[in-house]
Amino acid sequence: MLFIMAALYFYRISDKKTGEIKKTAEYDAAVENYRVDTLNYSRTTPVDVKLQGRSLDGYYSACMDDNLNILIGEDFLEDIVGCSVIRYNNNDVRIDKGEMSISLKIGKDGFKANGENVESLSWPVLVDEKYLYLPAEELSSYLGYSCKFDYISNSIDFKLTGGKGHSLPRKYDLRALGRVTAVRDQGRYGTCWAFASLGALETTLMPLEENVYSTEHMTLNNSYKLDLSTGGEHTVSIAYLAAWQGPVYEEDDIYGDGKTDNSLSAVKHLEEAIIIKKRNDEAIKTAIFRYGGVETSLYMQMEYTGDYSEFYNEEQAAYYFSDVKTPNHDIVIVGWDDDYPKENFTTQPKKDGAFICKNSWGRSFGENGYFYVSYEDANICSQSIVYTNLAPEDNFDNIYQSDLLGWVGQIGFGSEFGFFANCYKAKKEEKLSAVSFYATDDDTNFTVYVVHDFTNESSFSEKQEVASGEIKYSGYYTVRINDDVNLKPNEKYAVVVRIETKGSTKPIAVEYKADQRTEMADITDGEGYISLHGELWHRVEEEGCNVCLKAFTNDVSEEGR
């Protein structure tokens, strides 16, 4: 870091009268040495990302390009700055915040801010085809923050200057961003839930992946007792996806042909799905902005396209129902318009504003299959689901589970906290890489443990902590452990979670036979336990249920030993 000082000695004043300054070759060499040393240091020592002077402890990453420009990871812009970052297959990148829209190109300098050209000396960099770094200093003033890099401490400090409440634009539409698949038609079957689940999930991967997944396979190859006419809900969808039963491509199991292929393997693995349990417009909009479409339900007075309803303005494709009713139809919210005129509704709400919704009644319904639902609709978004993390099918080699129906009910000890565990036996030499479970309500804390060579309940005293964290929203979560845990062939092991959920008396999700749809629950396939303090343990199968707690492992190859 002393190269700047050293470089000054290589200046020579060639003409004292004019004060003309010339740089020697030694100066250029010193500057280049400084550049190389600084770059090497930054690449061997992680840049410390700070917010308002406080270190974020390595949670977000930054790097330095060859010209010593600082680049910040895309997740920092999303989580902290409140941006939407979208990457396209042609290397275009779009960043939105409030009414500001910035377009860049990976590997190319310069960008556009609300259509105006802006010069820059750095450009977006993609690492391992996955993680995107973006120019920090040059984007800062356009996104409501400032940043300063300290070479001595190798840290970059961000200060937010734009204030809160300005991250979301007044109108946002995933259709305009190339982030929705084609509208489909469920016909007269009770499969809207599957179309809504997969329709929302498909947007999570777009625009980089435009896949259409099979609703028929989801409907007929989950572990619930369903057919195309029965109807379902998001709990079935999440369980099907979490169990690696799907999704599969539509072209491999076509909807409405009267047959299904139960030999197909999942082409993606769900790792996370957030459940927004109450109406929260800000959270719903943020989810669309950050992740993609949101699966939700509402009460529809019509049963299918072409039906008349006094609450639906067919000309404007606008729907508003003011009375509280049990929701009966699932849809995907793909955007919003805060200024959508209240006059467009047949029964006029008090204020402007509507959600933009994708239906599954074909393109002849509404606005080419889409319609607008007033913010004041009494039933929409009483519960909303966001499929936030869908991984490749090879994210883990093995899944261990005993809860194919997923979250059917809850159990506990009348307390906000409790322990739950499942025991499994390793098939071969493996590494325990992750576990997954449900947070049954918002504001959940958890700690994950592993027990080696499990024999009986006394083995729980040997549990070792491997992960911990906090969860803001209810939902399904996959947690990677701190270090891979080695498992011997045929070793019986236990995964354990201590969970604490504010305001809950039954924080542990379980599967059991609750009704006709869940009568296929198999309680004989698991060895699960629950405990209040982690001292006295109870077998959950004796209570007629299985704990919802999966384990994921990776095979240990000969080379990896």
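This one's a predicted model, so the numbers in the text were calculated from it and none came from an experiment. (Residues numbered from 1 in each chain as written. Predicted model: local features only at pLDDT ≥ 70, side-chain atom pairs only at ≥ 80, totals over all residues. Heavy atoms only, no water.)

### Quick look at the overall build of the chain
Turning to step 1, where the next piece is worked out: The secondary structure content of the chain amounts to eight helices and 37 strands.
Turning to step 2, where the next piece is worked out: Taken over C-alpha atoms, the radius of gyration comes to 27 Å for the chain, in line with the 24 Å a tight globule of 561 residues would show.
Turning to step 3, where the next piece is worked out: Projected onto its principal axes, the C-alpha positions of the chain cover 95 × 70 × 45 Å.
Turning to step 4, where the next piece is worked out: Carbon and sulfur atoms provide 46% of the accessible area of the chain, an area that totals close to 26000 Å².
Turning to step 5, where the next piece is worked out: Computed over 56 positive and 92 negative side-chain charges, the separation of the two mean positions in the chain equals 5 Å. (Helix = DSSP H or I, 4+ residues; strand = E, 2+ residues; numbered from the N terminus. Rg over C-alpha atoms; globule rule 2.2 N^0.38 Å. Areas by Shrake-Rupley, 256 points an atom, 1.4 Å probe, with all protein chains shown as cover. Lys, Arg positive; Asp, Glu negative; His and termini not counted. Charge placed at Lys NZ, Arg CZ, Asp CG, Glu CD.)

### A word on the pattern of salt bridges
Turning to step 1, where the next piece is worked out: The tally for this structure, following the rule as stated, stands at 24 salt bridges.
Turning to step 2, where the next piece is worked out: In this structure, Glu 519 and Lys 225 form a salt bridge, with 2.8 Å as the shortest nitrogen-oxygen distance. Note that Glu 519 is positioned in the loop between β33 (508-512) and β34 (528-531) and Lys 225 in the loop between α6 (215-220) and α7 (234-242), a separation of 294 residues in sequence.
Turning to step 3, where the next piece is worked out: The exposure class of Glu 519 is partly exposed, given its relative accessible area of 37%.
Turning to step 4, where the next piece is worked out: Arg 539 serves as the salt-bridge partner of Glu 541, at 2.9 Å between the closest nitrogen and oxygen.
Turning to step 5, where the next piece is worked out: The class for Arg 539 is partly exposed, based on a relative accessible area of 25%. (Salt bridge = Lys/Arg side-chain N within 4 Å of Asp/Glu carboxyl O. Buried < 20%, exposed > 50% of the residue type's maximum accessible area, 1.4 Å probe, protein only.)

### Notes on helix α5 (residues 192-205)
An α-helical turn contains 3.6 residues, so a residue and the one three or four places further along point in the same direction.
Turning to step 1, where the next piece is worked out: Between its first and last C-alpha, α5 extends 21 Å over 14 residues, near the 20 Å set by a 1.5 Å rise per residue.
Turning to step 2, where the next piece is worked out: Counting buried positions along α5 gives 14 out of 14 residues, so the element sits mostly inside the fold. (Expected span 1.5 Å × (residues − 1).)

### With respect to the sheet that holds strand β27 (residues 417-425)
Turning to step 1, where the next piece is worked out: Reading across the sheet, the six strands line up as β30-β29-β32-β27-β34-β35 and stay open at both edges, with antiparallel pairing between neighbours. The open sheet is flanked by β30 (464-471) and β35 (537-539), the only strands paired with a single partner. Averaged over all pairs of adjacent strands, the angle between strand axes in this sheet comes to 20°, irrespective of strand direction. (Pairing = 2+ DSSP bridges. Axes fitted to C-alpha atoms, helices over the stretch in contact; angles between N-to-C directions.)

### Quick word on the packing of aromatic side chains
Turning to step 1, where the next piece is worked out: Under the defined criterion, the tally for this structure stands at 37 aromatic pairs.
Turning to step 2, where the next piece is worked out: Ring geometry for Tyr 320 and Phe 345: centres 6.3 Å apart, planes at 70°, overall edge-to-face. Placement of Tyr 320 in the loop between β20 (318-319) and β21 (329-337) and of Phe 345 in the loop between β21 and β22 (354-358) is noted, with a sequence separation of 25 residues between them. Of the two residues, Tyr 320 and Phe 345, neither departs from the other in class, the shared state being buried. (Phe/Tyr/Trp six-rings, centres within 6.5 Å; stacked < 30°, edge-to-face > 60°.)

### Points about unusual backbone geometry
Turning to step 1, where the next piece is worked out: Going from Met 206 to Pro 207, the amide bond is cis rather than trans, its omega being 10°.
Turning to step 2, where the next piece is worked out: Summarising the element assignment, Pro 207 is placed in the loop between α5 and α6.
Turning to step 3, where the next piece is worked out: Looking along the chain, the bond that leaves Gly 246 and enters Pro 247 is cis, with omega of 10°.
Turning to step 4, where the next piece is worked out: Relative to the helices and strands, Pro 247 resides in the loop between α7 and β17 (268-276).
Turning to step 5, where the next piece is worked out: With a phi angle near 75°, Asn 91 is a residue other than glycine that sits in the positive phi range.
Turning to step 6, where the next piece is worked out: Looking at the element boundaries, Asn 91 is found in the loop between β7 (84-87) and β8 (92-97).
Turning to step 7, where the next piece is worked out: One non-glycine residue, Asp 443, lies in positive phi territory at about 55°.
Turning to step 8, where the next piece is worked out: Inspection of the secondary structure assignment puts Asp 443 in the loop between β28 (430-439) and β29 (444-451).

### Re the pairing of β7
Turning to step 1, where the next piece is worked out: Going residue by residue along β7, you find Ser 84 and Ile 86 tucked away on one face and Val 85 and Arg 87 tucked away on the opposite face as well.
Turning to step 2, where the next piece is worked out: Here β7 pairs with β8 via four bridges, running antiparallel. Each bridged residue has a counterpart across the sheet, and for Ser 84 the counterpart in β8 is Asp 96.

### Regarding the environment of Glu 78
Turning to step 1, where the next piece is worked out: Within the element layout of this structure, Glu 78 appears in helix α3 (residues 74-81).
Turning to step 2, where the next piece is worked out: Apart from the residues lying within four places of it in its own chain, the contact partners of Glu 78 are Cys 83, Val 85 and Arg 290. (Contact = heavy atoms within 4.5 Å.)

### What about the state of the cysteines?
Should the sulfur atoms of two cysteines be covalently bonded, the bond is a disulfide.
Turning to step 1, where the next piece is worked out: Under the counting rule described, the total for this entry stands at zero disulfides.
Turning to step 2, where the next piece is worked out: The structure places no disulfide on Cys 423, whose sulfur is separated from the nearest cysteine sulfur, that of Cys 545, by 15 Å.
Turning to step 3, where the next piece is worked out: This cysteine, Cys 548, is not joined by any disulfide, and Cys 545 carries the nearest cysteine sulfur, 8.9 Å off.
Turning to step 4, where the next piece is worked out: We classify Cys 548 as buried; its relative accessible area is 2%. (Disulfide = S-S within 2.5 Å.)

### What to know about the sheet that holds β7
Turning to step 1, where the next piece is worked out: Pairing within the open sheet is antiparallel, and its five strands lie in the order β7-β8-β9-β10-β11. Each end of this open sheet is capped by a strand with a single partner; those strands are β7 and β11 (116-118). Direction aside, the axes of adjacent strands within the sheet are offset by 20° on average.
Turning to step 2, where the next piece is worked out: Note: β8 against strand β9 (residues 100-105), six bridges, orientation antiparallel. Across the sheet, residue Asp 96 finds its bridge partner in β9, namely Ser 101.

### Thoughts on the environment of Gln 464
Turning to step 1, where the next piece is worked out: Within the secondary structure, Gln 464 sits in strand β30.
Turning to step 2, where the next piece is worked out: Judged by its relative accessible area of 43%, Gln 464 is partly exposed.
Turning to step 3, where the next piece is worked out: Taking the C-alpha atoms as reference points, Gln 464 and Leu 226, 238 residues apart in sequence, are found 41 Å from one another.
Turning to step 4, where the next piece is worked out: Here Gln 464 is in contact with Val 448, Tyr 449, Val 450 and His 452, once residues within four sequence places are set aside.

### A closer look at the nonpolar core
Turning to step 1, where the next piece is worked out: Residues Tyr 319 and Phe 437 are the most contacted members of the largest nonpolar core, which totals 118 residues.
Turning to step 2, where the next piece is worked out: Looking at this core element by element, the count peaks at seven residues for α5.
Turning to step 3, where the next piece is worked out: Every residue in contact with Phe 437, bar those within four places of it in the chain, is listed here: Phe 420, Phe 446, Val 448, Ile 471, Gly 475, Tyr 476, Tyr 477, Val 479, Val 497, Ile 499, Cys 548 and Leu 549.
Turning to step 4, where the next piece is worked out: If you look at the next biggest cluster of nonpolar residues, it comprises 33 residues, including Val 47, Ala 62, Leu 77 and Cys 83. (Core = buried A, V, L, I, M, F, W, Y, C linked by side-chain atoms within 4.5 Å.)

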